[in-house]
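Summary of structural features
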Amino acid sequence: MGSNMAEAHPVGFQWVMEAKRKGATVIHVDPRFTRTSAVADLHVPIRAGTDIAFLGGLIHHVLENEAWFTEYVRAYTNAPMLLREDFADTEDLDGLFSGFDPGSGTYDTTSWQYEGGTAPPASGQRDLEQDDAEGSAEEAHEHERGQVAGSGGSPVETWPERDDTMRDPRCVLQVLRRHYARYTPAMVHEICGIPEETFRRVADALVRNSGPDRTSAFCYAVGWTHHTVGVQYIRAASVLQSLLGNIGRPGGGILALRGHASIQGSTDIPTLFDLLPGYIPMPHAHRDEDLASFIESNSGRKGFWGDMDAYTVSLLRAWFGDNATADNDWCFDHLPRLTGDHSSFRTVMDQVDGKVPGYFVIGENPAVGTANARQQRAGLANLEWLVVRDLNMIETATFWKDGPEIETGEMRTEDIGTEVFFLPAAAHTEKDGTFTNTQRLLQWHHKAVEPPGDCRSDLWFYYELGRRIKQRLAGSTDPRDRPLQDLTWDYPVDAHGEPSADAVLREINGSGADGELLPGYTALRNDGSTRCGCWIYCGVYADGVNGSARRRPGGEQDLVAAEWGWAWPMNRRVLYNRASADPSGKPWSERKALIHWDADAGRWTGGDVPDFPVDTAPDYEPPEDARAAEAIGGAEPFVMQADGRAWLHAPAGLADAPIPTHYEPAESPVRNALYGQQANPARQRFDRPDNRLHPEPGTPGAEVFPFVFTTFRVTEHHTAGGMSRWTPYLTELQPEMFLEVSPALAAERGLEHGGWAHVVTARSAIEGRVLVTDRATPLRHGDRVVHQIGVPWHWGPNGLSTGDAANDLLGVALDPNVHIMETKAATCDIRPGRRPRGPALVAFLADRRRAAGLED
Amino acid sequence: MGLRDVLAGWPLVRQLTGTDGLGRGAAARSGRTDAARPRTADADTVTASVCPFCAVGCGQKVWSRDGKVTHVEGDPDSPISRGRLCPKGSSTLSLVTSPSRVTTVRHRRPYGTEWEDLDLDTAVDMIVDRVLDTRRRTWQDTDDQGRYLRRTMGIASLGGATLDNEENYLMKKLYTAMGAIQIENQARI
Amino acid sequence: MGRLSGPLADPSGDAGYADRPERVGFFTDTSVCIGCKACEVACKEWNALPAEDDVLTGMSYDNTGQLGASTYRHVAFVERTVDLGMPGLAGDGGDATEVRWLMSSDVCKHCTHAACLDVCPTGSLIRTEHGTVLVQEDICNGCGYCIPACPYGVIDQRPGDGRAFKCTMCQDRLGVGLQPACATACPTESIRFGPLDELRAEADERLAALHDRGVDDARLYGHDAGDGVGGAGAFFLLLDEPEVYGLPPDPVVTTRDLPSMWRHAAAAALAVAGAVAAAFVGRTSR
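In what follows, the accompanying structure is described. (Residues numbered from 1 in each chain as written. Chains lettered and ligands numbered in written order. Predicted model: local features only at pLDDT ≥ 70, side-chain atom pairs only at ≥ 80, totals over all residues.)

Turning our attention to the overall build of chain B. Of regular secondary structure, chain B possesses 7 helices and 8 strands. For chain B, whose C-alpha radius of gyration is 29 Å, the value lies well above the compact-globule estimate of 16 Å for 189 residues. With the principal axes as the frame, chain B shows a C-alpha extent of 100 × 40 × 25 Å. Put simply, chain B has 189 residues, and 53% of those count as buried. Once local pairs closer than 6 in sequence are excluded, the contacts in chain B between residues at least 24 apart make up 29%. (Helix = DSSP H or I, 4+ residues; strand = E, 2+ residues; numbered from the N terminus. Rg over C-alpha atoms; globule rule 2.2 N^0.38 Å. Buried ≥ 20, exposed ≤ 12 C-beta atoms within 10 Å, placed from the backbone. Contact = placed C-beta atoms within 7 Å.)

Below you can see the structure in the form of structure tokens.
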């Protein structure tokens, strides 16, 4: 679900096809019938943006038929935990949970917590409440904790009350039952457009294939994350898979299919505003906060987040070397502070408003690749300087010369003050380094040839930038320059001036007092004796061996292939694999065995690196004052969670819901059939002239944009096209922008197969050639038909294959936890023929906005 | 080569003297066909690499000769991909050797109408100038509530999902020390 | 020696190769094809073929159209709506229908009896030691006789070059024990390469397995040594009639009747050739 795996991850899909050959059932639930659907056993067309209703229906099915994996659920999930009496569900509040503040659009999540369990952010929140007058800071802090939870841990301090019979009306299992009571097959039909019989086929197949002897997996991609409730999509799958006992076991799981060679790596070692390496949050602004209080407010007592102090001190020692001492709080004050959302969208709107003079764009193409691309280009046009590093002359580098706004007359080249530096980049064959793939596997790629001309690696560029900046500031006495002066930046360079990626990876791995490379994160200390650039990557260079460069042929290994590359953490391939054994440490079944407790040897062993303290016996009960790893009980597999359990209900860490709930997308043609609350009440909104969203269904003007569109990828192109639209062998395979519509919609709008049509929103209108296909299915919603249009997002004005950019159509509305935009469900109009050109396009859009009652 | 050899090489003679009486196989082979060998056999180096497109992480082998990549193919040893590549991965040779690749620095002055050439070293120095100047002008020590900030809100960055971990690491390290916080990548958008 | 139709166990032996490896070929199992076109790109990259016009055909996701002088692999996309013959779920009284999207990677069939080879007047088209059919670029003079001879419409002349081109089964790779580029890249093993006898056995097994699972439409194409081309060196498992994929239902080697027609002409030609050769030999011994 939420993934077109055969098209977007074809080589990974070989394993799905192999499983199918061996008898596995493959079900594809997707708004579009794709090449994945073509080879699935069953394709279930679903209205875009309704997957939580579908997953909620499956949860309902499991709960009502008592089909859950009882022993797993009781021991390994928080189903028995009791919730506070003041917790109120969406069933009680017509689509809201308790704690919502309509004024700020945010939740106070206190009432979501366990009975008898206090969430440690209380200290952090108290701290915030003391010195923060504005509500936004609280929201920001909520978000920050969401990221920690997303990486596996949200802090719960004391042991909450629970009922192991799971009958208490306030226990999580019973709360879930009530929450999902109305997610019936009939409701799934009404919301998702899926016939009840089809739904039952899926539910039966899933339940039949889960339990001690069998496991089922969910694969998802940005079809799940690109929503204003994206995090809740993943949470819904987590709830379902936890109930079915499909987490931590071979063949189970919820598998994120990520879309770029190292997008996982760029999250682990984040070029993200709110994170430090290894999912340690970036600190927020306070009057007085030292490292100890930062740690206190962000880490739990129990589990592996309990050692956040060791991870953070080791990071600061890696960055600031011997300049970081206990006396100066390990240079904690060298870190800049956040005051809210500084994500890409917020920043670009600040660029439009003239607040951000400088911008580096490195291997990205936001001028066509980001939602509301017109707004992105407006931001680019309002900079003082822009650095673009890429292989080809992408649209982000040329917007000032030949961008769409030049054509419409909205911009004139000679009026644009942005200075642009285009620096050509080295390709992966021209540099050493590691990518982290979608299964957390680090793989080293070796340099094959030198880059041509001025092309250089990004490692070279940033090393050189840092080296020269440090040189310039060497004599400065300004305290703001101290962090740069203190920064360790002495990497060996080769004859071409290229810094050693190997040396950087060693710094990331970390070293001890004598410079020895550390074996893993459990060796990290909070006393300054260790340095480590990213704690979850610690061990990649254990024993002086670059684990990411290991290439023992797969044919010589078992299926886990532990000697190919290195997976974080500690080369584990299945996270939470303690759950593959029952509480007593025996595999749930021989068929699904992975690790088990070897009582004679006194350790966990098996086909994977145990994701558990290796010598903690299944019957171990931690003493009350235990901390971190010692506080993990022998039957608590979820070692990053502060209670060791999988969370069916999330008592902390989320900004918008403790239990996944169906909301309509920010733009939808229909009302929410479940609640009065239409869309995620906590979603991030930006109502400005360059980002108008369409009227809610049933309000005046909504009929101007009656159809749903969803964006997608095809196999033959890559993302915004920077690596595919310049390659003849790919462009000949998918040469033009196209639009997929059903025969019914084509008839309704007079669209001709092979002819032109344009899709219209309040943001823009784009054109493409029409593909009329039976693969596009209109879905019934109540008594009306909802038409869905498929819009590929690979095109832009430059390269060998050119076309309009789908991202011009989209507005920006964000998930409040992670600030990710909704691209997979929005509303539009479609009309035959090419779109207006030049100034006529501007007038046309203004007219459409007026018709919809939107202010310009 | 003696005349007899030349003669023996004639298709017709081979046809009449050999076992390929109709001249449709062995007797009709050309010199080029006999000499056919894969261009990978002439490579100087074969390098282990990883596909740069999606996140599956397929293994690649990169053949090169005289400092130029001559072929890229799936690495059969990879337990992830077992030697296979999708159309994008299969197009890697075209990607890295594309004539469309820009190989020199290009510079557009403020309000300029055309690209201009710029020396790489000069370009990096100019960027350093702009970073330091912008940072100075947009620096924030504290906010209006007196909270500690130590940052610039004047320098943003986007990118990283196609970059190496080591590159992202240096980016985050340098930006953070610089006080720049609006550091983002594709993982968000 | 020299049969032009009917079953033939050993085409490369028939073509005069004394020491020869096993006959190899392709088994393209379209039931696992995901239409990714890796075969098309891998083929073009390896063989450095020209890219062609960038035209959106409107034929589903097939923008290649057909095999040709610069396209040795072509993935066909067929969209069909199938009436399942039972009441639909829509409640409108209509039958249930199901969308099927068939994909198949087509290629030169490397026929056991290859008409292109039979009609080639220059000896450019030959049978190789691997049992495949190869155009020798250095021999071809662009006469074009082979083009109408092919019962599948595979071979063609390259514009601007004039010579005929088609799949070589990566002759240069076979010599050093590599698989053809397309089969090497294929993510789902839809394109299998190997000794033809083994592939035929695999195909029989796969067909039986699909039939067991109720995929009644599955069938083999080009697999039968008794067919009109003596069995293809590249054969297919299809999920519908061959015509649906644009394949001729019952291809016949176009030179089946040639032997009787050419018998006399050939004798005359050989006599002339013999005289010329004798003249040369005589001169050498002088």
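On to the environment of C:G175. One can find C:G175 in the loop between α5 (171-174) and α6 (181-185). Put simply, C:G175 and C:H130 are 45 residues apart on the chain and 9.0 Å apart in space, counted from C-alpha to C-alpha. Excluding residues within four positions of it along the chain, C:G175 makes contact with B:A36 and B:R37.

Turning our attention to the sheet that holds strand β13 (residues 441-445) of chain A. Residue and element names in this part refer to chain A. Across the sheet, 3 strands lie side by side as β12-β13-β14; this open sheet has antiparallel pairing. Since the sheet does not close on itself, it has two edges, and those belong to β12 (433-436) and β14 (566-567), each with one partner. Here 4 bridges tie β12 to β13, and the two strands are oriented antiparallel to one another. Bridge assignment links G433 to a residue of β13, and that residue is H445. (Pairing = 2+ DSSP bridges.)

Residue and element names in this part refer to chain A. Along helix α2 (residues 13-21), the residues classified as buried are F13, Q14, V16 and M17. What you see down the axis of α2 is that its buried residues fit within an arc of 160°, all on one side. At its buried positions, α2 is contacted by α1 (5-8) and α3 (35-39). Phi turns positive, to about 115°, at G23, one or two residues after α2. (Arc of directions from axis to C-beta.)

Membership of the largest hydrophobic core comes to 366 residues, with the highest contact counts inside it found for A:I59, A:L240, A:V741, A:V759, A:C828, C:A42 and C:C116. Looking at which element gives the most residues to this core, the answer is helix α16 (residues 308-320) of chain A, with 9 residues. Once you skip the residues sitting within four places of it in the chain, A:V741 turns out to touch A:A746, A:L751, A:V770, A:V772, A:A776, A:I789 and A:I830. (Core = buried A, V, L, I, M, F, W, Y, C linked by C-beta atoms within 7 Å.)

Contacts between the two partners involve 129 residues from chain A, matched on the other side by 102 residues from chain B. For the side of chain A that touches chain B, the element with the most residues is helix α22 (residues 458-472) of chain A, which contributes 10 residues. Within the side of chain A that touches chain B, the residues separate by chemical class into 65 nonpolar, 46 polar and 18 charged. Strand direction decides the pairing type here: strand β11 (residues 419-424) of chain A and strand β4 (residues 106-108) of chain B, joined by 3 bridges, are antiparallel. Bridge pairing links A:F422 to B:R106 in β4(B). (Nonpolar A, V, L, I, M, F, W, Y, C, P; charged D, E, K, R; others polar.)

Let's shift gears to the interface of chain B and chain C. Across the contact, 36 residues belong to chain B and 37 residues belong to chain C. Secondary-structure elements contributing two or more residues to the side of chain B that touches chain C are α1 (3-9), α2 (11-17), α3 (31-35), β3 (68-74), α4 (87-90) and α5 (92-96) of chain B. Sort the elements by how many residues they give to the side of chain B that touches chain C and α2(B) lands first, with 4 residues. Classifying every residue of the side of chain B that touches chain C by side-chain character gives 17 nonpolar, 12 polar and 7 charged.

Moving on to helix α19 (residues 373-380) of chain A. All names here are of chain A. Burial within α19 is extensive, with 8 of its 8 residues counted as buried. Along α19, the residues that are buried comprise A373, R374, Q375, Q376, R377, A378, G379 and L380. The secondary structure elements touched by the buried residues of α19 are α17 (344-352), α18 (366-369), β10 (385-390), α20 (395-402) and α21 (404-408).

No statement about biological role is implied by the geometric values presented.
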